[in-house]
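Fold and contact review
Below, each chain spelled out in residue letters.
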Amino acid sequence: MQGIEARFKLDWPTFNLNVDLHLPARSVIALFGDSGSGKTTLLRCIAGLEKAPEGRLIVNGEIWQDERHWLPTHKRGLGYVFQEASLFTHLTVMGNLLYGKRRIPDDQKVSLDQAIELLGISHLLDRKPDRLSGGERSRVSIARALAANPSILLMDEPLAALDLKRKQEIIPYLERLHEALKIPVIYVSHSADEVARLADYLVVMEKGHALASGSLADTLTRLDLPIHLGQDAGVVLNATVVELDQSWHLARIAFDGGSLWTHDQAFSIGKRVRVQVLARDVSLATEIPSQSSIQNVLQGFVDAIADDNHPSLALVRVKVGNVMLLSRLTKRAVSSLGVATGQSVWLQIKSVALME
Amino acid sequence: MQGIEARFKLDWPTFNLNVDLHLPARSVIALFGDSGSGKTTLLRCIAGLEKAPEGRLIVNGEIWQDERHWLPTHKRGLGYVFQEASLFTHLTVMGNLLYGKRRIPDDQKVSLDQAIELLGISHLLDRKPDRLSGGERSRVSIARALAANPSILLMDEPLAALDLKRKQEIIPYLERLHEALKIPVIYVSHSADEVARLADYLVVMEKGHALASGSLADTLTRLDLPIHLGQDAGVVLNATVVELDQSWHLARIAFDGGSLWTHDQAFSIGKRVRVQVLARDVSLATEIPSQSSIQNVLQGFVDAIADDNHPSLALVRVKVGNVMLLSRLTKRAVSSLGVATGQSVWLQIKSVALME
Amino acid sequence: YAEKINIAAAADLKFAMDEIVAKFREVNAKDDVDVIYGSSGKFYTQIQQGAPYDLYFSADIAFPRELAKSGFSFSEVIPYAFGRIVLWSATMEANKMSLDSLTSSKISHIAIANPKHAPYGKRAEEALRASRLWERVEPKLVYGENIAHTAQFVQTGNAQVGIIALSLALNPALANKGGYWLIPDTLHAPLEQAFIITKRAQGNDLAKKFADYMRSSATRTIMTKYGFVLPN
Amino acid sequence: MMHLTPSDIQAIWLTIKLAGVVTLILLLIGTPIAWWLARTKVWWKRPIGAVIALPLVLPPSVLGFYLLLAMGPNGPVGQFTQALGIGHLPFTFWGLVIASIFYSLPFMVQPLQNAFEAIGERPLEVAATLRASPLDAFFTVAVPLALPGFITASILTFAHTVGEFGVVLMIGGNIPGETRVASVQIYDHVEALEYMQAHSLSAVMLIFSFAVLLCVYTWRPSVKRVG
Amino acid sequence: MMHLTPSDIQAIWLTIKLAGVVTLILLLIGTPIAWWLARTKVWWKRPIGAVIALPLVLPPSVLGFYLLLAMGPNGPVGQFTQALGIGHLPFTFWGLVIASIFYSLPFMVQPLQNAFEAIGERPLEVAATLRASPLDAFFTVAVPLALPGFITASILTFAHTVGEFGVVLMIGGNIPGETRVASVQIYDHVEALEYMQAHSLSAVMLIFSFAVLLCVYTWRPSVKRVG
Ligand SMILES: Nc1ncnc2c1ncn2[C@@H]1O[C@H](COP(=O)(O)OP(=O)(O)OP(=O)(O)O)[C@@H](O)[C@H]1O
Ligand SMILES: Nc1ncnc2c1ncn2[C@@H]1O[C@H](COP(=O)(O)OP(=O)(O)OP(=O)(O)O)[C@@H](O)[C@H]1O
Ligand SMILES: [Mg+2]
Ligand SMILES: [Mg+2]
């Protein structure tokens, strides 16, 4: 049996965790939720650091916890990036990195050198953790978790302390790693952007419960949820590169409903990519738009209209071919354009974020 | 003499800090820079936690450090939100909050109750810090710094551990606080969004040096810098509410170059507000746009065109009335629209983020 | 082959016994004799618990008697000396004093061994009581753990006078100071000292040999020199 | 079996008084020393740290003998106290106190030093940013955070002073009500072969100490750290 | 002045051997006890903690007396060792070792317990996520992080064993080469009024101890914490 079956019940005086999740194997599962909603607690239960008495945890067919079994943390073969970097203060950075690596067989799959290079910590290897900046510490702790060759990776806001440039270097690396290792990654993040880039599957936590749990495509277009993703509501599309425009460094990608231009990342034709289209980047028009800098225009039909997180705003779900896209407009625009369910509209997509 | 004069030189084996800054009084000063660029170290120097031997620090005319003077930290009257929450583990949340408050005169200006309420920590007051989640801890530490009624506020990535909803509640509160207290705030952040919303003044750090230092309007439209702000290049406008559309919860705000519609936040006519316009939200057209959901259309002249952070992208600076706006387009669009310096263009602004 | 004995000896015997053993070694060069000095009471307890002592020289005959009674002794109880006590001072002319001088206001502290368990202390108390001085001097008394400790109180000047063993007062380390005054032995019960060969030394000829050596004239000379009054 | 003579009871009171006073004074003396050792960066803190532990390696009664010499009329301390008009310290309660302080200092300083070092810089930095002067921060942050260290140090010091008798015997002179503490009294009972009385007094000391220790341990907070 | 007799030198070696053996054994015994006390949450850890500190409150020679009774031919321990064929422990080197272990246990356990508590859960949790079994994590994480505690505990134990003579005298019987350690030897010198010899031996002990302590303190890492 593949996948992760996780059922936990915890009763703390101030907090109750009660989840029953079935998570896909080999996915990046985003854990999303307010501060204090129980994300860290859930990760700790999965790691075996918190002992939920009535728990049940089966990872890819292996029983980690049920009424009779309890696999201690060090036998679970996981990688955990703690919310606070938690480096060993008595070891150098290199000592920290080697700590896990030494305890696994030699034929491990993650190259430590590569992790060190990609996380930009090669100049720090001889230092003790008390001589590192906040972001440096969190990069070391990501590398440390990866070096232990986990069969499941738990990451608690790993990129929160990093600058955008760093994030943009690390995220593709994590993606590649995930592809190469074929392991599930459970990823806590407050950034809808990160979630959209990395995740296939989304779990939204609220007060210790899983409010929603499903594939990214399903959960992101559920109009009752995006409020939790705040301004960054949007959808993720799977597409194929079909045309390259080398002079302008652009690539045309086709999906189940049309095609879009995006930046070229040294693609080859036929490559499968994921792109994110944010609702805020999608505007609607009832006529085909005239000369504009917006180069991506698609045609679709309005599927649903819902309130957004401000009374002046609406989220409109538009069906383009076989996929759903979201657009955020003012309600006045909905009214003045006369947008209604079933109507044909033009979508102007200002920007498409590439994810691989 | 108003303002902050800060000159520090530190020579560590692995890192050199060398800055000479003149910062405005009563501003929110954003410290922006890569991980390890020295932001925390600079804050620590200002706070007197790091003793830079050849330093000079004058805050609103008061000498905090020079060749002869050294004001110890506890006499500097500052508030410091550390990068790691650093709560006192032997005190409850309330004990932590009262720690600073007890040490200042009674007629202090920040209401602790209000801070507690706005940071959403009222249910945590009796707990010890080891029973808090990561985000809860960082909120408590913000409240603790505020409660000490600082005359200058140093904040090291205070919102990094928080979800978007929380951030959106806290940022306006910090803005109001800053307005009410009229104190300088030095704010480290990796989020261009936060910087744009909060800051008046921007210092960009790189390898211990201040790469740029200037008002937000100046630095944000400097085309050689936005790469550091990544995808979130944009400008900030000061404007006045001139019209309210109550039925659609919209407000029209006028600035030195036209007017824009934005969400109504229970405004009254004449209120001064700040709005952020991101380059990614601005598209250009050479003809006046037809029926579209985009309701904000302005006219302006192309001032400059520069490369953006991907070879396919360009940043275009457009002068609208007396202010500059930025627009991000593909180079192909620049070419196909024939955008050139001095040309008249229409700006379609998809979204305007309100800051107060 | 060479034999070995451990002698447990009361601390007041230290100087005399060292000399006796040195002489004994001259005669029995190949044999090994170790002397361990300490409190008689402690040795008594330790012998009951199987301590490896072959001869036990007690400052108080009561201890060897008790051991003999309970079967820890191989020999009969052999008295070897009577101890005498003296008034001694490091800072005053003790030879010009008597017990009555102890009431002098110049004397704030008088050191005696703890009468509760130290035989010399017990005799000191008896002498003071017999002179009807006890009540008057008791507030000035400080108690040493044993007679050597008592001497140290006096020697360091912390107590102006002390009642110590004659054997100690004759010791070169103390003798040259202010002299001593011998307390008449009519004022206290005799301090009879005795030794035994322990059960452990049953087959040990060397122990027997040493016990015999105690009766030699060489030994008697040494004992007398150090202020012990010999039996008969 | 638990019959105590009045002099036993007097000895117990004296012991509690002595150990209490010594522990209190050592808290006052040892805390700043430990704080200084934990935080200074000068190289000669190491020899000083070593010197503080030195009295431990001398047998107590030998240490007592040296103290007796030093505090006596011909010793330097004795001449000093004489000049001050205090008189001489041997055979007095305060002489015992001073000797015990000297002897128990490492038991106070070492655990405190470790506890202070384990706090780290950060809490004190935080306190400074919240307007607490170094002294204020010391009492409101360092001391509460080092509480387990204070408790260990106090227990070791108190118990050690209760149990110690070599030094006490040497300089105290075994004076009832003044310097005859329980440890000396038990020792005297044993030496006088009064085993029943020794057992009773030992049992009382043990039970009393156990009760006190139990209270302290129960009340002792466990250390909490947030990662 | 520094003239030492052969028996002084023998006593010094015996002392170092005794203190070394006791410290080593106590590291082996005390560490698991301290670890357990630091980490268990059962209520009866508190009485156990109190019991461990109890031997401290008895005067050493009285404790020695009770140990002598227990380990002697009629005592329970004695009968047990006799049954094992080891014979009796009093008046042997190993008897001293056992008595000193008993007496010095709190000096080992208490600082270690504090040091272990100060580590907190997090480093051990991290170690577990990096595949370290509890035992592995104990040696590779807990021990290095508690190093200052180990050093303090070892110093206190070692020095205390070097200095202690009440127990040793009672149980050892002062037998040359077997149980006559330096503290007893110095004590004997003082009792015999051989002050010069006492001074020499004391000075040697102090200088030697100072040198050892200085090395330990110099090498001792300071605690580092990252906020
Ligand atoms: N105590 C120290 N001793 C020596 N070097 C240090 C020390 N603390 C930090 N550094 C180094 O100084 C540089 C600047 O650190 P600083 O903490 O100021 O960075 P930062 O800009 O705050 O980074 P981040 O965004 O990751 O928190 C880093 O390269 C770091 O490795
Ligand atoms: N040891 C504890 N004992 C009791 N309650 C706790 C404990 N740790 C956390 N909590 C509470 O449990 C709830 C969930 O905490 P958790 O750390 O899982 O939140 P989170 O979703 O990770 O939040 P954040 O985004 O702020 O890190 C919080 O309300 C917190 O106050
Ligand atoms: Mg969390
Ligand atoms: Mg930093």
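Notes on the structure follow. What you are looking at is a predicted structure, and each value in this text was computed from that prediction instead of being measured. (Residues numbered from 1 in each chain as written. Chains lettered and ligands numbered in written order. Predicted model: local features only at pLDDT ≥ 70, side-chain atom pairs only at ≥ 80, totals over all residues. Heavy atoms only, no water.)

1. Brief notes about the overall build of chain C
Counting its secondary structure elements, chain C contains 10 helices and 10 strands. A compact globule built from 232 residues should have a C-alpha radius of gyration of about 17 Å, and chain C, at 18 Å, falls within 12% of that. Seen through its C-alpha atoms, chain C measures out along the principal axes to roughly 60 × 35 × 30 Å. The buried share of chain C, reckoned over its 232 residues, is 62%. (Helix = DSSP H or I, 4+ residues; strand = E, 2+ residues; numbered from the N terminus. Rg over C-alpha atoms; globule rule 2.2 N^0.38 Å. Buried < 20%, exposed > 50% of the residue type's maximum accessible area, 1.4 Å probe, protein only.)

2. A look at the site of ligand 1
By nearness alone, 22 residues border ligand 1, and Arg127(A), Gly135(A), Glu136(A), Thr40(B) and Thr41(B) come closest of all. Taking Gly36(B), its main chain carries an N or O atom lying 2.8 Å from an oxygen atom of ligand 1. With the chains in place, 91% of the 630 Å² that ligand 1 exposes on its own is no longer accessible. Those elements giving two or more residues to the shell around ligand 1 turn out to be α4 (134–147) of chain A together with α1 (39–47) of chain B. (Near = heavy atom within 4 Å. Polar contact = N/O pair within 3.5 Å; in protein donor to acceptor, adjacent residues only side chain to side chain. Areas by Shrake-Rupley, 256 points an atom, 1.4 Å probe, with all protein chains shown as cover.)

3. As for the sheet that holds strand β7 (residues 141–144) of chain C
All names here are of chain C. Reading across the sheet, the 5 strands line up as β7-β6-β8-β5-β9 and stay open at both edges, with mixed pairing between neighbours. Looking at strand neighbours, the two that pair on one side only are β7 and β9 (180–182), the edges of this open sheet. Averaged over all adjacent pairs, the angle separating strand axes in this sheet is 30°, with direction ignored. Where strand β6 (residues 110–113) meets β7, 4 bridges bridge the pair, whose relative direction is parallel. Counterpart to alanine 111 in the pairing with β7 is valine 142. Packing of helix α4 (residues 119–130) onto the sheet brings it into contact with β5 (85–89), β6, β7 and β8 (161–165), and relative to β5 it is tilted by some 85°. (Pairing = 2+ DSSP bridges. Axes fitted to C-alpha atoms, helices over the stretch in contact; angles between N-to-C directions. Contact = heavy atoms within 4.5 Å.)

4. Some thoughts on the interface of chain A and chain B
With 69 residues of chain A at the contact, the number on the chain B side is 68 residues. When the two sides are added together, the surface that chain A and chain B hide from each other amounts to roughly 5400 Å², 47% of it contributed by carbon and sulfur. Put simply, chain A and chain B have 6 salt bridges between them. With a shortest N-O distance of 2.5 Å, Arg280(B) and Asp281(A) are connected by a salt bridge. Among the secondary structure elements, those contributing two or more residues to the side of chain A that touches chain B are α4, α5 (164–181), β13 (258–263), β15 (282–285), β18 (323–330) and α8 (331–337) of chain A. The leading source of residues in the side of chain A that touches chain B is α8(A), at 6 residues. (Buried area = accessible area lost by both parts, 1.4 Å probe. Salt bridge = Lys/Arg side-chain N within 4 Å of Asp/Glu carboxyl O.)

5. Notes on the arrangement of the chains
Of all 8 pairs of chains sharing an interface, the pair with the highest contact count is chains A and B. Separating chain A from chain C is a minimum C-alpha gap of 51 Å, and the two share no contact. Kept free of each other, chain B and chain C leave a smallest C-alpha distance of 49 Å between them.

6. What about the nonpolar core?
One finds Phe57(C) and Phe210(C) to be the most contacted residues of the largest nonpolar core, which totals 305 residues. Among all residues touching Phe210(C), those that are not within four sequence positions of it are Ile5(C), Ile7(C), Met17(C), Ile20(C), Val21(C), Phe24(C), Leu55(C) and Phe57(C). (Core = buried A, V, L, I, M, F, W, Y, C linked by side-chain atoms within 4.5 Å.)

7. What about the coordination of the magnesium ion (ligand 4)?
Perfect tetrahedral coordination of a metal by four donors corresponds to 109.5 degrees between them, and perfect octahedral coordination by six donors corresponds to 90 or 180 degrees. Within the protein, Thr40(B) (OG1) and Gln83(B) (OE1) serve as the donor atoms for the magnesium ion (ligand 4), at 1.8 to 2.3 Å. Here the residue Thr40(B) occupies a position in helix α1, and Gln83(B) occupies one in the loop between β6 (78–81) and α2 (93–101), the gap between them amounting to 43 residues. (Donors = N, O, S within 2.8 Å, 3.2 Å for Na, K, Ca; no water.)

8. Examining the pairing of strand β11 (residues 234–245) of chain B
Residue and element names in this part refer to chain B. The sheet contact formed by β11 and strand β14 (residues 272–278) spans 7 bridges and is antiparallel. For asparagine 238, the partnering residue across the bridge sits in β14 and is arginine 274. With 5 bridges joining them, β11 and strand β12 (residues 250–255) adopt antiparallel strand pairing. Paired with valine 241 across the strands is isoleucine 253, a residue of β12.

On their own, these measurements won't tell you what the molecule is for.
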